[in-house]
Amino acid sequence: MVHQHKQQGMAMLMALVLLAIASSLAVAIWYDNQLSIARINNVKNNYQAKHYSQGLLLWASDLLREDYAQDEYSHDSALDGWHQGIRGMVVEDALLSGTLVGLNGRFNVNNLVINGLESPRHIAYFKRLLLALELDVNLADKAVDWIDADQVPLPNGAEDFAYLAKSPSYQTSGKPFKHISELALLDGLSAENYQRLVPYVTVLPVLNQATYMNVNTMSPVMLNALDPKITKDMAMRLYQNGSADYLQVDGFFQDPSIQYALPPEVQKELRFLISTQTRYLQASSLVQMEGSNFVMYALLYRDATGRARVLNRSLSPYLPQALVN
């Protein structure tokens, strides 16, 4: 009788064990199915968000082309309609937002070295800008050494030997800057001074020739750095509270604030630095669907007709962000 009870107990135990195994397998299968469904849903949403982002880029390209088609002088200012962007446009199951930000209102650090050669006029401007920002002017030489291919430092520069001594060690690029955050690696540039500098500079590709700064979107401190004869007060008047709208560079030089301050030879030299057009822009897209946000950035190049093409795409912005300490 005792033996029979033991057998029944063992049978019940085995049944419970098998039930537990079956339950675990069922839960595992259900969980895997849920993961597969979530994964498929994420892939679908990402694919759909990508197409929505491409649609926003087409919108941006059309908007920029139309802007120049309606503009006799093909100029850009903060008053242009493309600055407004799109906010919360409903499309089927998504909410779309898109913005365009011009980058030619900043100094392109890659202009310091063009086609492997130092550009004295851009180096001189960058040093004046650093001085206006109360930053170390030697950063200009260090930026040049970061870009150039040799290992011969400029008088106030720094090549690999200076960076290999750091912990952790690293080396100069020997190529143009790829992203604005690379500037934070320059020898002697503190996090605080980096934050002070980056609102006034950018990193753009140099396609065989220097990029120009748009006088309509330059800040007062950048206008002040164009020439020692342009005082801070003149720069503020040229800035016009952010609403400067010079149709051509000639109109800028004819502004009463500087009309008689800059001699012809200075004006001629400055024409290598400035224009009234915005050729490079950051396009950003935000797609909100099913409680998730999909963000994409693109660097656009705009030709003389206003037609824009995508140079590259990124999940992070081309404009500077705060450093993480």
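Structure's up top.
Residues numbered from 1 in each chain as written. Predicted model: local features only at pLDDT ≥ 70, side-chain atom pairs only at ≥ 80, totals over all residues. Heavy atoms only, no water.

### Focus: the overall build of the chain
Here is step 1: Tallying secondary structure elements over the chain gives 9 helices and 11 strands in all.
Here is step 2: Taken over 325 residues, the chain has a buried fraction of 42%.
Here is step 3: Partitioning the intrachain contacts of the chain with sequence separation of at least 6 by distance along the chain shows that 61% fall at a separation of at least 24.
Here is step 4: Accessible area of the chain: about 17800 Å², with a carbon and sulfur share of 58%. (Helix = DSSP H or I, 4+ residues; strand = E, 2+ residues; numbered from the N terminus. Buried < 20%, exposed > 50% of the residue type's maximum accessible area, 1.4 Å probe, protein only. Contact = heavy atoms within 4.5 Å. Areas by Shrake-Rupley, 256 points an atom, 1.4 Å probe, with all protein chains shown as cover.)

### A few points about the environment of Arg309
Here is step 1: Inspection of the secondary structure puts Arg309 in strand 11 (residues 308–314).
Here is step 2: The partly exposed category is assigned to Arg309, whose relative accessible area is 47%.
Here is step 3: A C-alpha to C-alpha distance of 9.7 Å links Arg309 and Ala298, two positions 11 residues apart in sequence.
Here is step 4: For Arg309, the residues in contact, after removing those within four places along its chain, are Leu207, Leu299, Leu300 and Tyr301.

### Quick word on the nonpolar core
Here is step 1: Counting 54 residues, the largest nonpolar core has Tyr125, Phe126, Leu226, Phe252 and Ile274 as its most contacted members.
Here is step 2: Secondary structure elements with two or more residues in this core: helix 2 (120–132), helix 3 (139–147), helix 4 (160–164), helix 5 (191–197), helix 6 (220–224), helix 7 (232–239), helix 8 (249–253) and helix 9 (264–270).
Here is step 3: Here this core gets 6 residues from one element, more than from any other, and that element is helix 3.
Here is step 4: Excluding anything up to four places from it in sequence, Tyr125 contacts Phe107, Met213, Met218, Met222, Ala225, Leu226 and Leu273. (Core = buried A, V, L, I, M, F, W, Y, C linked by side-chain atoms within 4.5 Å.)

### Some thoughts on the packing of helix 2 against helix 3
Here is step 1: At a minimum axis distance of 9 Å, the contact between helix 2 and helix 3 shows a crossing angle of 135°. Our classification of the angle between helix 2 and helix 3 gives oblique. Residues Ile123, Phe126, Lys127 and Leu130 of helix 2 pack against Leu139, Ala140, Asp141, Ala143 and Val144 of helix 3.
Here is step 2: Each residue belonging to the contact of helix 2 with helix 3 can be placed in one class, and the counts come to 7 nonpolar, no polar and 2 charged. (Axes fitted to C-alpha atoms, helices over the stretch in contact; angles between N-to-C directions. Parallel < 35°, antiparallel > 145°, perpendicular 65-115°, else oblique. Nonpolar A, V, L, I, M, F, W, Y, C, P; charged D, E, K, R; others polar.)

### Here we look at the packing of aromatic side chains
Here is step 1: In the structure shown here, the tally under the stated rule is 9 aromatic pairs.
Here is step 2: Taking 5.4 Å as the distance between ring centres and 45° as the angle between the ring planes, the aromatic pair formed by Phe107 and Tyr125 counts as tilted. On the criterion of sequence distance, the pair formed by Phe107 in strand 3 (residues 107–108) and Tyr125 in helix 2 is long-range, its members being 18 residues apart.
Here is step 3: According to the relative accessible area criterion, Phe107 is buried, its value standing at 1%. (Phe/Tyr/Trp six-rings, centres within 6.5 Å; stacked < 30°, edge-to-face > 60°.)

### A short note on the sheet that holds strand 2 (residues 94–102)
Here is step 1: Taken together, 5 strands build an open sheet; the order of strands is 1-2-9-10-11 and the sheet is antiparallel. Each edge of the open sheet carries a strand with a single partner, namely strand 1 (86–91) and strand 11. Each neighbouring strand pair of the sheet contributes to a mean axis angle of 25°, computed without reference to strand direction.
Here is step 2: The pairing of strand 10 (residues 292–302) with strand 11 spans 6 bridges and is classified as antiparallel. (Pairing = 2+ DSSP bridges.)

### Side note on helix 2
Here is step 1: Here helix 2 contains 13 residues, and its C-alpha end-to-end distance of 18 Å stays within 8% of the 18 Å for a straight helix at 1.5 Å per residue.
Here is step 2: Those residues of helix 2 not exposed but buried are His122, Ile123, Tyr125, Phe126, Leu129 and Leu130. With its buried residues spanning 160° around the axis, helix 2 presents them on a single face. Exposed and facing more than 90 degrees away from the buried side of helix 2 are Pro120 and Leu131. (Expected span 1.5 Å × (residues − 1). Arc of directions from axis to C-beta.)

### Overview of helix 3
Here is step 1: Of all 9 residues in helix 3, 9 are buried, a share of seventy percent or more.
Here is step 2: Buried residues of helix 3: Leu139, Ala140, Asp141, Lys142, Ala143, Val144, Asp145, Trp146 and Ile147, and no others.
Here is step 3: Looking at the packing, one finds that the buried side of helix 3 touches strand 4 (113–114), strand 5 (117–118), helix 2 and helix 4.

### Describing the pairing of strand 2
Here is step 1: When strand 1 meets strand 2, the two strands line up antiparallel, connected through 4 bridges. Bridge pairing in strand 2 places Ile86 opposite Gly98.
Here is step 2: Here strand 1 hands over to strand 2 after 2 residues, with Glu92 in that stretch at a positive phi of 50°.

### Overview of the pattern of salt bridges
Here is step 1: For the structure on display, the rule yields 9 salt bridges.
Here is step 2: Arg65 is paired through a salt bridge with Asp62; the nearest N and O atoms lie 2.6 Å apart. In this pair, Arg65 and Asp62 are both assigned in helix 1 (residues 2–69), 3 residues apart and thus about one turn of the helix distant.
Here is step 3: Asp62 sits in the partly exposed class, given a relative accessible area of 42%.
Here is step 4: A salt bridge links Arg237 to Asp233; the nearest nitrogen and oxygen atoms lie 2.2 Å apart. In this pair, Arg237 and Asp233 both sit in helix 7, 4 residues apart, roughly one turn of the helix.
Here is step 5: Of the residues examined, Arg237 reaches a relative accessible area of 40% and is grouped as partly exposed.
Here is step 6: For Asp233, a relative accessible area of 46% translates into the label partly exposed.
Here is step 7: When salt bridges with common partners are traced through the structure, they connect Asp67, Asp76 and Arg302 into a single cluster. (Salt bridge = Lys/Arg side-chain N within 4 Å of Asp/Glu carboxyl O.)

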